[in-house]
Amino acid sequence: HTLDVTFVAKPGRTAAIGAIALTGLESVDADFVRNRLLLHRGERYRPSKIEAARQDLASLQIFSGVSVRAGTAIAADGTIPITFDFKERPLHAVGITAAYSTDLGGSLKTTWSDRNIFGSAEQLNLSAAGTGLGGTDVTSPGYNLLAQLIEPDFLVRDQSLEFDLGALRQNLEAYDQTAA
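The text that follows walks through the structure, step by step, so that each part is easy to find. Since the model is a prediction, treat every value here as computed from it, not as a measurement.

### Details of a nonpolar patch on the surface
- Judged by side-chain polarity, L3, V5 and F7 come together as a nonpolar surface patch covering roughly 420 Å² of accessible area.
- Tracing the chain through its elements places L3 in the segment before β1 (16–23).
- Take L3: its relative accessible area is 72%, and that puts it in the exposed class.

The following block contains the structure:
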């Protein structure tokens, strides 16, 4: 009950990355995606590097799907074309959160987000919450307001610039807080 198997591998010629096509982009700027892309024309074709580039683009959180496919044959110039297919997430998201604790009472929060405000994965997040609704340690209702703008790849890759503006008011038995 023995089986001897011999595999003969004949390496083909090496290939380089050829033209890189981007399909499915609607509100996202193609130049932003090309600048962010970890893959460049003329580099040696390596599936692991192509997958790393796909995962990096998917991590931007503006796409619900990023797939990549290579051409079916190596061209005469030794290149193989690559196509990235994108499916963009909805531009806007809305959320509602409710919570209750006996000491701090109830809170109701609503959020609104724009995931791609200027076309290069910038995020604008707005939230408003009513707090202190009926708790034992609360003297009157309060609020929590927040506005946040995030600019990805600010000056260098993987560095974000974030602006936050908030206002908070809570009236507790122990203290009152008003903050901006």
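Once the structure has been displayed, the description carries forward.
### Remarks on empty space enclosed by the protein
- Going through the model one piece at a time under the given rule, you end up with one cavity of 30 Å³ or more.
- As a volume, the largest cavity reaches approximately 40 Å³.
- S27, V28, I62, E88, R89, P90, L91, R115 and N116 are the residues that line the largest cavity.
- Here the residues of the lining of the largest cavity are counted per class, giving four nonpolar, two polar and three charged.

### A closer look at the sheet that holds strand β2 (residues 63–70)
- Taken in spatial order, the three strands make up an open sheet running β1-β3-β2, and their pairing is mixed. The open sheet has two edge strands, β1 and β2, and neither has a second partner. Strand-to-strand, the axes of this sheet are offset by a mean angle of 20°, without reference to chain direction.
- Bridge count for β1 against strand β3 (residues 79–88) is six bridges, and the pairing is parallel. Counted as the bridge partner of A21 is T83 from β3.
- Each of β1, β2 and β3 touches helix α2 (residues 47–58); the most contacted strand, β2, lies at about 160° to it.

The rules we used
- Residues numbered from 1 in each chain as written.
- Predicted model: local features only at pLDDT ≥ 70, side-chain atom pairs only at ≥ 80, totals over all residues.
- Heavy atoms only, no water.
- Patch = residues over 30% accessible without salt bridge, like charges linked within 9 Å, V, L, I, M, F, W, Y side chains within 5 Å.
- Areas by Shrake-Rupley, 256 points an atom, 1.4 Å probe, with all protein chains shown as cover.
- Salt bridge = Lys/Arg side-chain N within 4 Å of Asp/Glu carboxyl O.
- Helix = DSSP H or I, 4+ residues; strand = E, 2+ residues; numbered from the N terminus.
- Buried < 20%, exposed > 50% of the residue type's maximum accessible area, 1.4 Å probe, protein only.
- 1 Å grid on protein atoms, 1.4 Å probe; cavity = no way out; pocket = protein on both sides within 12 Å on 5 of 7 lines; lining within 4 Å.
- Points joined across faces, edges and corners; volume = space filled by probe spheres on them.
- Nonpolar A, V, L, I, M, F, W, Y, C, P; charged D, E, K, R; others polar.
- Pairing = 2+ DSSP bridges.
- Axes fitted to C-alpha atoms, helices over the stretch in contact; angles between N-to-C directions.
- Contact = heavy atoms within 4.5 Å.

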